[in-house]
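Examining the three-dimensional arrangement
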Amino acid sequence: MLSHLTTSLSHTPSTVFRRRLRPIPPHPTSKAPKFHRKTPSFSTNISMNSPTDLSVDPITHGLNKQSRLKLEDLNWDHSFVRELPGDPRTDVVPRQVFHACYSKVSPSVQVDNPKLVAWSESVAAEILDLDPKEFKRPDFPLLFTGASPLVGGLSYAQCYGGHQFGTWAGQLGDGRAITLGELVNSKSQRWELQLKGAGKAPYSRFADGLAVLRSSIREFLCSEAIYNLGIPTTRALSLVTTGNYVRRDMFYDGNPKDEPGAVVCRVAQSFLRFGSYQIHASRGEEDFKIVKTLADYTIKHHFPHIASTSKSDRLFFSSTGQENDSVVDLTSNKYAAWAVEVSERTASLIASWQGVGFTHGVMNTDNMSVLGLTIDYGPFGFLDAFDPSFTPNTTDLPGRRYCFSNQPDVGLWNMAQFVSTLSLANLISEKEADYALERYGTKFMDDYKAVITKKLGLQNYDKELISNLLNNMAVDKVDYTNFFRLLSNIKADLTIPDEELLVPLKPVLLDVDQERKEAWTSWVKTYIQELSGSGVSDEDRKASMNSVNPKYILRNYLCQNAIDKAEQGDFEEVRRLLKVMERPYDEQPGMDEYARLPPAWADRSGVRMLSCSS
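Computed from a prediction, not measured in an experiment: that's the story for all the values here.

1. Things to note about the overall build of the protein
A tally of regular secondary structure across the protein gives 17 helices and 14 strands. Taking all 614 residues of the protein together, the buried fraction comes to 59%. Put simply, 75% of the contacts in the protein that link residues at least 6 apart link residues at least 24 apart.

2. Section: the packing of helix H5 (residues 213–228) against helix H16 (residues 556–566)
Where H5 meets H16, the axes come as close as 10 Å, and the angle between the chain directions of the two elements is 135°. One element, H5, and the other, H16, form an angle in the oblique class. You can see that H5 and H16 cross each other, and the crossing is right-handed. Here H5 contributes Leu213, Arg214, Ile217 and Arg218 to the contact with H16, which in turn contributes Asn556, Cys559, Ala562, Ile563 and Ala566. Along the lines of polarity and charge, the residues of the contact of H5 with H16 split into six nonpolar, one polar and two charged.

3. Details of the pairing of strand S10 (residues 257–268)
Of all twelve residues in S10, ten are buried, a share of seventy percent or more. Looking at chain direction, strand S8 (residues 190–196) and S10 are connected through five bridges and run antiparallel. Of the residues in S10, the one forming a bridge with Gln194 is Arg266. Two elements, strand S9 (residues 235–248) and S10, share ten bridges in a ladder whose sense is antiparallel. Residue pairing across strands places Thr241 opposite Ala262, the latter belonging to S10.

4. Notes on the pattern of salt bridges
Scanning the entire structure with this criterion turns up 39 salt bridges. A salt bridge links Asp77 to Arg82; its shortest N-O distance comes to 3.0 Å. Ionic contacts of the salt-bridge type, sharing partners, join the residues Asp77, Arg82, Glu83, Glu182, Arg190 and Lys300 into one network.

5. A short note on the pairing of S9
The element S9 is largely enclosed, with a buried count of ten among its 14 residues. Judged from the four bridges that link them, strand S3 (residues 115–119) and S9 form a sheet pairing that is antiparallel. For Trp119, the partnering residue across the bridge sits in S9 and is Ser238.

6. Considering the packing of aromatic side chains
Under the counting rule described, the total for this entry stands at 28 aromatic pairs. Look at Phe140 and Phe144: their rings are 4.4 Å apart centre to centre, the planes differ by 20°, and that puts the pair in the stacked class. The buried category is assigned to Phe140, whose relative accessible area is 0%. Site record: aromatic cluster; members linked through ring pairs are Phe386, Phe404, Tyr480, Phe483, Phe484, Trp520, Trp523 and Tyr527. The ring of Trp413 is capped by Arg401, whose NZ or CZ atom sits 4.7 Å from the centre of that ring. The residue whose ring lies beneath Lys455 is Phe484, and the NZ or CZ to ring-centre distance is 4.5 Å.

7. Side note on helix H13 (residues 480–487)
Because an α-helix completes one turn every 3.6 residues, residues spaced three or four positions apart along the sequence face the same direction. Counting buried positions along H13 gives eight out of eight residues, so the element sits mostly inside the fold. Among the residues of H13, the N-terminal cap falls to Asp479, whose side-chain oxygen and the backbone nitrogen of Thr481 are separated by 3.4 Å.

8. Structural notes on the state of the cysteines
Under the counting rule described, the total for this entry stands at zero disulfides. The thiol of Cys159 is not disulfide-bonded; the next cysteine sulfur, from Cys101, is found 7.6 Å away. As a non-bridged cysteine, Cys559 has Cys222 as the owner of its nearest cysteine sulfur, 6.8 Å distant. Here Cys559 falls in the buried class, since its relative accessible area comes to 0%.

9. Description of H5
In this model H5 runs 23 Å from its N-terminal to its C-terminal C-alpha over 16 residues, within 8% of the 22 Å that 1.5 Å per residue would give. Most of H5 is tucked away: 16 of the 16 residues are buried. Gly230 sits one or two positions beyond H5 and adopts a positive phi of about 90°.

10. A few points about the side chain of His301
Here His301 is to be found in helix H7 (residues 288–302). Apart from residues lying up to four places away in sequence, His301 is in contact with Ser79, Glu83 and Arg190.

11. Regarding the environment of Asp570
Within the fold, Asp570 resides in the loop between H16 and helix H17 (572–580). Measuring from C-alpha to C-alpha, the distance between Asp570 and Val117 comes to 9.5 Å, with 453 residues separating the pair along the chain. Within the local environment of Asp570, its side chain forms a polar contact with the backbone nitrogen of Glu572, the two atoms lying 3.1 Å apart.

12. A look at the packing of H16 against H17
Direction vectors running N to C along H16 and H17 enclose 150°, while the axes themselves pass 7 Å from each other. Taken together, the axes of H16 and H17 lie roughly antiparallel to each other. Of H17, the residues touching H16 (which contributes Leu558, Cys559, Ala562, Lys565 and Ala566) are Glu573, Val574 and Leu577.

13. Here we look at the confidence of the model for the protein
Chain-level pLDDT for the protein is 88 on average; 85% of the residues reach the 70-or-more range. Confidence drops under pLDDT 50 across residues 1–66; counting only partners more than four residues distant or on other chains, this segment forms 161 contacts. Across residues 320–324, where pLDDT falls below 50, the model places six contacts with residues more than four positions away in sequence or in other chains.

14. Overview of the environment of Asn426
Tracing the sequence through the fold places Asn426 in the loop between helix H10 (407–424) and helix H11 (430–455). Here Asn426 falls in the exposed class, since its relative accessible area comes to 65%. Residues Asn426 and Tyr335, spaced 91 residues apart in sequence, show a C-alpha to C-alpha distance of 10.0 Å.

15. Observations concerning the environment of Asp409
Relative to the helices and strands, Asp409 is located in helix H10. Residues Asp409 and Gly441, spaced 32 residues apart in sequence, show a C-alpha to C-alpha distance of 9.3 Å.

16. A look at unusual backbone geometry
Phi is positive for His99, close to 60°, though the residue is something other than glycine. As for its position among the elements, His99 is in the loop between helix H2 (79–83) and strand S2 (102–104). On the basis of relative accessible area, His99 is assigned to the partly exposed category, the value being 37%. Backbone geometry places Lys477, a non-glycine residue, at a positive phi of 50°. Looking at where Lys477 falls in the secondary structure, it is placed in the loop between helix H12 (463–476) and H13.

Procedures and definitions
Residues numbered from 1 in each chain as written. Predicted model: local features only at pLDDT ≥ 70, side-chain atom pairs only at ≥ 80, totals over all residues. Heavy atoms only, no water. Helix = DSSP H or I, 4+ residues; strand = E, 2+ residues; numbered from the N terminus. Buried < 20%, exposed > 50% of the residue type's maximum accessible area, 1.4 Å probe, protein only. Contact = heavy atoms within 4.5 Å. Axes fitted to C-alpha atoms, helices over the stretch in contact; angles between N-to-C directions. Parallel < 35°, antiparallel > 145°, perpendicular 65-115°, else oblique. Left-handed = near helix turned anticlockwise from the far one by under 90°. Nonpolar A, V, L, I, M, F, W, Y, C, P; charged D, E, K, R; others polar. Pairing = 2+ DSSP bridges. Salt bridge = Lys/Arg side-chain N within 4 Å of Asp/Glu carboxyl O. Phe/Tyr/Trp six-rings, centres within 6.5 Å; stacked < 30°, edge-to-face > 60°. Lys NZ or Arg CZ within 6 Å of the ring centre and 35° of its normal. Polar contact = N/O pair within 3.5 Å; in protein donor to acceptor, adjacent residues only side chain to side chain. Disulfide = S-S within 2.5 Å. Expected span 1.5 Å × (residues − 1). pLDDT = per-residue confidence, 0-100.

The structure is reproduced here in structure tokens:
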């Protein structure tokens, strides 16, 4: 299905997706859906999608004094535990948990003078309605490591399975994440608070359920950085050190060491994943009813517009190219409509990743949110030098399954597993499953074309121009972020002499030889010709391009700088980096050091590429 992405995402048509993901269940590749009318997108805005106007005080914006809450006043409403089947046992002995969506567990992390390192003001104010004074409470570090319980909370760990690197792994579950409970805020939005690194659950297998400071800093910072880039994501409220050490073998080389421990409080409207449904379908017909119950719960609370769709909305399509041309009415099956929306949200999410050069690194089906959120920040990485085969995960090196250019294909493969789960549980038909996959390809291409077109300041998508650009960038290993930011300085002036055309791009083309300069000059001339006919002024185009081409991204070496200092007890760089990443598209005078290319030391193990150890 995604073969037509080849020239759009890579530097040469023969290399993109040459490592085809397998096995992908059969889905339509030649037939095109014939629409009776344009099928509307089911996607709706989630409040996590778009950053707020950071020019306004994030603590007071949209929040009056009377609505600021103490932690004791949070409006808890534990629908997940109330409406879904749970584990009858309450112990944390590692085991298979059957016929249950969760296990009730309490945080068990041991702390010794825990310290609050950093927190997100926007999460506190705009999501949780918290009074900022709450972060100064002496018991805050105890509450947000789980050492002391939150009044009104109801903690549990979720049961789920998943495909890891393309292979079914069986039960996985929250091995070191414990949800403190659900609350409903002043906007009537439902949110979950979850502690990562707070202790064991039945899903911990042979692990300790804890997390180290380095991985916790990365997750905390990237959750907020991705949000401020305008990409759907789980959020992070706080980062707290435990005061104790955790033993980890960072490189899986038999040389473990003690590292500082920490706990991140993650926040999301739901942490449901593809694997939350897969695990029950994998266990046979007896558990198919749990798949249905969980799907009903998800639609009710997180896709209510689907539950309220009526026949009068007339959402239907027909597939052609088969012996029996049949019409499928999406209003006749809410699960089919839901599958289509999950597919579209997933496609849109990955198109957004490609736009900013983000590589997730571990796109297992247990790390795929049904809300279309970026979730589970492990060995992620943003592109530095443009390399379509880049993977930040050392575990992924043999086949580079999760490399940058493969992400759209992996998203489709993961969706195939998800719709297969719904089909197996008799919730959707084969035709409905096929259509959900078709919508993935269409939605991804629509969104990716829109993103890359706007990044270049063009009025229309130009396949050849974009393909040639990405080819040039890959050949010369041009920095992805800095190139697009500098590109906005190009003037739509056909009279500029050839020898001056590359001046605006000089900082990212320093090492190219004469032959490559000629190739770049040729591309820029074509680009300027395209711009000159747009009727858009240079100033307006620059402003538009800078609104989608960030100056600041969370490069791995920036994270490592903050980690190195934090492990010595200095957390100021963590806080400073958090503030810089709050406004990635702004110039931010005095902060240019955070837009620099990676230094030579960034190639060392554990910086540019990482393991899953945390």
